[in-house]
Amino acid sequence: MDLGTAPYGSWPSPIGAALAASLDGRPEYVGAVGAEVWWTAPRPAEGGRRTLVRRPADGGPAVCALPAPWNVRSRVTEYGGMPWTGAEQPLGGPLVVFVHYADQRLYAYEPDAAGSPGPRPLTPVSTVGGGLRWVDPVLRDGEVWCVLEEFTGSAPTDVRRVLAAVPLDGSAAEDRSRVRELTDDRYRFSTGLRLSPDGRQAAWLVWDHPRMPWDGTELRLAEVTPDGRLAEPRTVLGGPEEAVAQVEWTTGGSLLAVSDRGGWWNPYRVDRGPGGEAVAVNLCPREEEFGGPLWKPGLRWIAALPDGLVAVLHGQGSSVLGVLDPESGDLVDAAGPWTAWQPTLAVSGTRVYGVAASPRSPYEVVELDTATGHARVVGGLGSPGAERTRGADRAEQADRADRADRAGAAGPAERPGRAGQPDRADPAYYPEPQSRTFFGRGGREIHAHVYPPHHPVLRARADELPPYVVWAHGGPTDHVPPVLDLHIAYFTSRGIGVVEVNYGGSTGYGRAYRERLREQWGVVDVEDCAAVARALATEGTADPDRLAIRGGSAGGWTAAASLAATGLYACAAIIYPVLDLAGFAAETHDLESRYVDALAGPPQTLALRNRERSPVARADRITAPFVLLQGLDDPVCPPAQAERLLAAMRGRSVPHAYLAFEGEGHGFRRADTMVRALEAELSLYAQVFGFERDDIPRLALSD
């Protein structure tokens, strides 16, 4: 087929900002309630709330379990974590306990109970600071055991965290004294408890300032007394320089943990030595990651199966799902097209559930039957398992799922068709990522994913090179895998290339790789992004005069610092960023209030590092246009960060725009916000790179 010709950046695309926004987010926090599988799902068009979704045991279509305005999301450490738990009951259907975002109370809900009663509160409200918050719950003997975060004052760091027991009878709904504290608050941070199969032992993870959980954590173990209390706990694994990312029990009562004591997060069994000491046995020694950064309590990279096998996520950079035999060390990966999995595994019988994506499919809930090796999509955004609430839709979808099940014998991995989803993007416009390794200062490796411009019927002139945007991920202790992202496709389908850089400091490549950023934030990340951009320009992949950089949160820091440190980029999109090291350390939430110690150096050097690296302090070096996007309710990177940069740029004659969004926090969740942000970013590129777009509002740039 002959292709038409049009300048890069000007191509028309059916992947609009509204479509990208409507399909933003992914399923999270998968769990098994008996034979049912439940998860949380985003609702960008409903104010960005998250609902609970359940897929019945009979394999029927998934349904929305909680209507608006219920919002299943915890605010513990501001990033939240596992916000719900559930269990089968002998009569009346399942019991589910969840955190409601608006008031952060725990609620009990019995969706199948006679009379359809609504959720009932279990915990009280506090007016002190951020109030009472709860996360990572488990059910035990008429109580909910979970992490309690309790503010003691108005400052973000006026807070204590303990493990607590909340009665299910509702007696604590108005009475804080009815909440039993299971531990003291000697440790600043904690995950929820994991109870042994016989209920006699409990294990959990703790850590303290100034460490982050990927620096060092401790695995605590305690006996559970007959009256439901914890005996004196002891540390059995971990320490200041060993990060234990997860703890898990097998059905036989063995204690498993994911630790980076060998330089990579590997799975270990914690045995008892001859003298009673703990002995860690590596079950699968590999230079691969079987874990990741514990940003939120309740993340699960491993999950024990009833037959003694263990489902694991593992890999370098991206992760795949495998089944590990802990006795032999044999590891067999699941068949299927999925190239990246989120740490939210759940098990029901022989079936493993998780959330996975590929370059051609968004994140979806996937079921692996370990007895047959058969894997299939059972739910997710725009999939046949996506939930419906009306009976006609459920009947239609049940018929479709039945037909898909009957067709499943064709192969080991099943991807049902998606008829009846009118808002799904046309795959012909999807980019094809290229995972590459570049080289930076001193020959160090830099991992990145390149997304060239792609259009099914258009191309540019042979003598034109495409503009490229470097995407710096957040964290910075995090990484990005090569999967379908409609925000990337929004640009590539219009003729703008994207390269996502897993700069030094990223996870997924071992401890040494992420330690590259120690005290080097604003140096290594900036250099690595620049090295990738220059390499693309040198090899003729990208136009050297039309390079941009964008990032959110820590990536916003890298984008802004890059404008101040290099003359490489023609413009930048800076999104809810860190812009001032000293201000960030003083203003951010408790979890990251000492993060700067590892990223830039100890407090005694902060003033110097701030002058040397902070975009606010180096604003006089910024000469390229930029757009700054900020949520006004952001507790992680408060608007004061953005406002200080704007003040420093005043009178500098550098074109820029500032868009602030009421009701948005750290990470945009509302569809209208995402639409405006995407179109503003595209307009910036059109004005700077020199192509025409008459299908979006023109972003007003001022000096």
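All of these numbers come straight from a predicted model, not from anything done at the bench.

Asks: When you look at helix α9 (residues 606-613) in this model, what are you seeing that I'm missing?
Replies: Residues lying three or four places apart along an α-helix face the same way, a consequence of the helix completing one turn every 3.6 residues. When we look at burial in α9, the residues that qualify are Leu606, Arg609, Asn610 and Arg613. Mapping the buried residues of α9 onto a view down its axis gives an arc of 105 degrees, with all of them on the same face.

Asks: Hey, could you run me through the sheet that holds strand β8 (residues 106-109) in this one?
Replies: The strands making up a sheet associate through backbone hydrogen bonding, with each pair oriented either parallel or antiparallel. Across the sheet, which stays open at both edges, the four strands sit in the order β6-β7-β8-β9 with antiparallel pairing between neighbours. The two strands at the open ends of the sheet, each matched to only one other strand, are β6 (84-87) and β9 (120-121).

Asks: Hey, could you run me through the layout of surface pockets in this one?
Replies: In this approach the atoms are scanned with a rolling probe the size of a water molecule, which exposes any empty space left behind. By volume, the second largest pocket amounts to about 1100 Å³. Lining of the second largest pocket is provided by 37 residues; of these, Ala32, Thr85, Val138, Glu248 and Arg300 occupy positions nearest its centre. Among the secondary structure elements, those contributing two or more residues to the lining of the second largest pocket are β2 (28-33), β6, β10 (132-140), β15 (194-195), β19 (244-249) and β27 (340-348). When residues in the lining of the second largest pocket are grouped by element, the largest group, six residues, is from β27. Residue composition of the lining of the second largest pocket, by class: 21 nonpolar, eleven polar and five charged.

Asks: Just checking my understanding: could you explain helix α5 (residues 524-538) for this structure?
Replies: The first and last C-alpha atoms of α5 sit 21 Å apart over 15 residues, in line with the 21 Å expected at 1.5 Å per residue. Most of α5 is tucked away, with eleven of its 15 residues classed as buried. Here α5 has its buried residues at Val524, Asp525, Val526, Asp528, Cys529, Ala530, Ala531, Val532, Ala533, Leu536 and Ala537. Residues of α5 that are buried sit in contact with β32 (434-439), β33 (445-451), β35 (468-472), β36 (497-502), β37 (547-552) and α6 (554-565). A positive phi of about 85 degrees marks Gly540, the residue just after α5.

Asks: How should the packing of aromatic side chains be read in this particular structure?
Replies: Both the distance between ring centres and the angle between the ring planes are used here to describe each pair of aromatic rings. Enumeration according to the criterion identifies 19 aromatic pairs in this entry. Ring centres of Trp70 and Phe98 lie 5.7 Å apart, and the angle between their planes is 85 degrees; on these two criteria the pair is classed as edge-to-face. Placement of the pair is Trp70 in the loop between β5 (63-64) and β6 and Phe98 in strand β7 (residues 95-99), with a sequence separation of 28 residues. For the pair Trp70 and Phe98, one class covers both residues: buried. Relative to Tyr513, the ring of Tyr509 has its centre 4.9 Å away and its plane inclined at 50 degrees; by these criteria the two rings are tilted. By the burial criterion, Tyr509 is buried, and Tyr513 matches it. The structure contains a cluster of three or more aromatic residues connected by ring pairs, namely Trp471, Tyr490, Phe491, Tyr685 and Phe689.

Asks: What should I look at first to understand the nonpolar core in this one?
Replies: Within soluble globular proteins, side chains that are nonpolar generally end up buried alongside one another. Of all hydrophobic cores here, the largest spans 107 residues; its most connected members are Leu219, Leu255, Val501, Tyr569, Ile574 and Phe626. At eight residues, α5 tops the list of elements feeding residues into this core. The contact partners of Phe626, leaving out residues within four places of it in the chain, are Leu563, Ala572, Ile574, Leu645, Met649, Pro655, His656, Ala657, Leu684 and Leu701. Core analysis: the second largest hydrophobic core is formed by 45 residues, Trp471, Ile575, Leu678 and Leu684 among them.

Cut-offs applied
- Residues numbered from 1 in each chain as written.
- Predicted model: local features only at pLDDT ≥ 70, side-chain atom pairs only at ≥ 80, totals over all residues.
- Heavy atoms only, no water.
- Buried < 20%, exposed > 50% of the residue type's maximum accessible area, 1.4 Å probe, protein only.
- Helix = DSSP H or I, 4+ residues; strand = E, 2+ residues; numbered from the N terminus.
- Arc of directions from axis to C-beta.
- Pairing = 2+ DSSP bridges.
- 1 Å grid on protein atoms, 1.4 Å probe; cavity = no way out; pocket = protein on both sides within 12 Å on 5 of 7 lines; lining within 4 Å.
- Points joined across faces, edges and corners; volume = space filled by probe spheres on them.
- Nonpolar A, V, L, I, M, F, W, Y, C, P; charged D, E, K, R; others polar.
- Expected span 1.5 Å × (residues − 1).
- Contact = heavy atoms within 4.5 Å.
- Phe/Tyr/Trp six-rings, centres within 6.5 Å; stacked < 30°, edge-to-face > 60°.
- Core = buried A, V, L, I, M, F, W, Y, C linked by side-chain atoms within 4.5 Å.

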